[in-house]
Amino acid sequence: MQSSNGRHRDGGGGPESSAEHDHDQGDFGAAPREVAYEDPWYDALASGWGELDGTGVPAPAVPAPRTEREGAAVRARDVYLEVQRSAAFQEVRSRYRRFVVPGTTVFLTWYVGYVVTATTAPGLMAKPVAGAVNVAMVAGLGQFLSTFLLAWAYSRNARLRRDRAALELRWDTQELTRGARGGVS
């Protein structure tokens, strides 16, 4: 089998094999040596492509299809669509958006403002605040602080406003899906 660059995968026999390039070329005026690829991952097969499955038969490239009943699969799919359309799911998504959209907007505005100010007003950023600490350093540390504060506020918002409702939705979805499959989990 050959790789995409025309060399044999087993590393031997071809004109590019490293065995033919082991002799010394001599002086600097001689023809340059070709580079031999010694990387074991260079010509490695992609996982599952052309490999043997242990019995001497090539492994299938695509996994076997699932064996569940088609009617149950359609009903389980309908359960997820029904949950997605439910008022409880829409409320969880709305609570998520009410925090994330303004939070992202404020943070990106603050970040872009910092970068733009640093590039367009270097005199302002160089003004000393206390000793060797200048406005740019304080604003840069403010970027880190605001990142941690936003992460804390997000996790608090999720815990107080969304996690319980999302967990109830997940539980209801699993119960409805289990019922659609006829009690099989």
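Residues numbered from 1 in each chain as written. Predicted model: local features only at pLDDT ≥ 70, side-chain atom pairs only at ≥ 80, totals over all residues. Heavy atoms only, no water.

1. So, the overall build of the chain
Inference 1: When you go through the chain residue by residue, the secondary structure sums to four helices and two strands.
Inference 2: In sequence order, the chain lays out its α and β elements as α-α-α-β-β-α.
Inference 3: Burial status across the chain gives 15% buried among its 185 residues.
Inference 4: The contacts of the chain with a sequence gap of at least 6 include a subset with a gap of at least 24, amounting to 52%. (Helix = DSSP H or I, 4+ residues; strand = E, 2+ residues; numbered from the N terminus. Buried < 20%, exposed > 50% of the residue type's maximum accessible area, 1.4 Å probe, protein only. Contact = heavy atoms within 4.5 Å.)

2. Brief notes about the packing of aromatic side chains
Inference 1: Tallying each qualifying case throughout the model produces one aromatic pair.
Inference 2: Aromatic pair Phe 99 and Tyr 154: ring centres 5.9 Å apart, planes at 50°, arrangement tilted. With Phe 99 in helix α2 (residues 87-120) and Tyr 154 in helix α4 (residues 135-180), the pair connects residues that are 55 residues apart, well separated along the chain.
Inference 3: With a relative accessible area of 33%, Tyr 154 lands in the partly exposed category. (Phe/Tyr/Trp six-rings, centres within 6.5 Å; stacked < 30°, edge-to-face > 60°.)

3. As for the confidence of the model for the chain
Inference 1: The pLDDT averaged across the chain works out to 75; a share of 58% of its residues lies at or above 70.
Inference 2: Low pLDDT (under 50) marks residues 17-22, which in the prediction has 11 contacts with non-local residues, meaning those over four places away or in another chain. (pLDDT = per-residue confidence, 0-100.)

4. A look at the environment of Asp 172
Inference 1: Among the secondary structure elements, Asp 172 is positioned in helix α4.
Inference 2: A relative accessible area of 42% places Asp 172 in the partly exposed class.

5. Description of a nonpolar patch on the surface
Inference 1: Nonpolar side chains collect at one region of the surface, where Tyr 111, Val 112, Val 115 and Val 116 lie side by side and expose about 320 Å² of accessible area between them.
Inference 2: One can find Val 112 in helix α2.
Inference 3: Owing to a relative accessible area of 44%, Val 112 belongs among the partly exposed residues under this scheme. (Patch = residues over 30% accessible without salt bridge, like charges linked within 9 Å, V, L, I, M, F, W, Y side chains within 5 Å. Areas by Shrake-Rupley, 256 points an atom, 1.4 Å probe, with all protein chains shown as cover. Salt bridge = Lys/Arg side-chain N within 4 Å of Asp/Glu carboxyl O.)

6. Some details on α2
Inference 1: Over its 34 residues, α2 runs 48 Å from end to end, which matches the ideal 50 Å to within 8%, given 1.5 Å per residue.
Inference 2: Every buried residue of α2 is listed here: Val 92, Phe 99 and Gly 103. (Expected span 1.5 Å × (residues − 1).)

7. A look at the side chain of Ser 146
Inference 1: Counting through the fold element by element, Ser 146 comes out in helix α4.
Inference 2: The buried category is assigned to Ser 146, whose relative accessible area is 17%.
Inference 3: Looking at Ser 146, its side chain comes within polar contact range of the main-chain oxygen of Gln 143, at 2.9 Å.
Inference 4: With near-sequence residues (within four places) excluded, Ser 146 lies in contact with Phe 107 and Trp 110. (Polar contact = N/O pair within 3.5 Å; in protein donor to acceptor, adjacent residues only side chain to side chain.)

8. Some details on the side chain of Asn 134
Inference 1: Position of Asn 134 relative to the elements: it lies in strand β2 (residues 133-134).
Inference 2: In terms of polar contacts, Asn 134 uses its side chain to reach the backbone amide nitrogen of Ala 136, at 3.3 Å.
Inference 3: Contacts of Asn 134, omitting those with residues within four sequence positions, involve Met 125, Ala 126, Lys 127, Pro 128 and Val 129.

9. Describing the environment of Arg 98
Inference 1: Tracing the chain through its elements places Arg 98 in helix α2.
Inference 2: Using a relative accessible area of 53% as the deciding quantity, one classes Arg 98 as exposed.
Inference 3: Within the structure, the side chain of Arg 98 is placed 3.1 Å from the side chain of Glu 91, a separation counted as a polar contact.

10. Points about the pattern of salt bridges
Inference 1: Overall, the coordinates contain two salt bridges when judged by the stated rule.
Inference 2: Glu 91 is paired through a salt bridge with Arg 95; the nearest N and O atoms lie 3.0 Å apart. A residue pair is termed a helical-turn pair when its members lie 3 or 4 positions apart in one helix, as Glu 91 and Arg 95 do in helix α2 at four residues.
Inference 3: When its relative accessible area of 30% is taken as the criterion, Arg 95 is described as partly exposed.
Inference 4: The partner of Arg 98 in a salt bridge is Glu 91, with the nearest N and O atoms 3.1 Å apart.

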